[in-house]
Amino acid sequence: QVQLVESGGGLVQPGGSLRLSCATSGSILSIDTMGWYRQAPGKQRELVARITSGGYTDYGDSVKGRFTISRHIAENIVYLQMNSLKPEDTAVYYCNAKKWGLGSYDHWGQGTRVTVSS
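The rules behind these values
- Residues numbered from 1 in each chain as written.
- Predicted model: local features only at pLDDT ≥ 70, side-chain atom pairs only at ≥ 80, totals over all residues.
- Heavy atoms only, no water.
- Pairing = 2+ DSSP bridges.
- Helix = DSSP H or I, 4+ residues; strand = E, 2+ residues; numbered from the N terminus.
- Axes fitted to C-alpha atoms, helices over the stretch in contact; angles between N-to-C directions.
- Core = buried A, V, L, I, M, F, W, Y, C linked by side-chain atoms within 4.5 Å.
- Buried < 20%, exposed > 50% of the residue type's maximum accessible area, 1.4 Å probe, protein only.

Participant: Just to check I follow, could you spell out the sheet that holds strand 3 (residues 18-24) for this structure?
Facilitator: Sheet strands line up and pair through hydrogen bonds in the backbone, either parallel or antiparallel. Read across the open sheet, the four strands follow the order 1-3-8-7; overall the sheet is antiparallel. The sheet terminates laterally at strand 1 (4-7) and strand 7 (67-72), the two strands that pair on one side only. Neighbour to neighbour, the strand axes of the sheet diverge by 15° on average, direction disregarded. The sheet contact formed by strand 1 and strand 3 spans four bridges and is antiparallel. Among the inter-strand pairings, leucine 4 is bridged to a residue of strand 3, identified as threonine 24.

Below, the structure written as structure tokens:
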């Protein structure tokens, strides 16, 4: 079992920045992929960004160039730096941990709300 705890959400004006954190209960290097997803009201959950245990990253098209996923290996934390925020970024953001093969799992955090509004 991997516990995920997100933090850092809140209210921000358009054009502003926020940094989300996802603290894990285990070593992030043992997790195949850590990701951030978001779900806006009335919409499906979508990928925002993810990072593999090897450090490979990829992003959803709508956030490329504005958001950056990173990690602090020693602290077992994954971050999502969000810049140039837009009202359409408003959503609940969820941290996800996936492991394949023996002992596979797919865990989600409780979510943190981000509201972009003036």
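Participant: Got a minute to help me understand the nonpolar core in this structure?
Facilitator: Note that soluble globular proteins tend to have their nonpolar side chains buried in a common cluster. Ranked by internal contacts, the top residues of the largest apolar core, which has 29 residues, are Met34, Trp36, Leu80, Met82 and Tyr93. Secondary structure elements with two or more residues in this core: strand 3, strand 4 (33-39), strand 5 (46-52), strand 7, strand 8 (77-82), strand 9 (91-99) and strand 11 (112-116). The element best represented in this core is strand 9, accounting for four residues.

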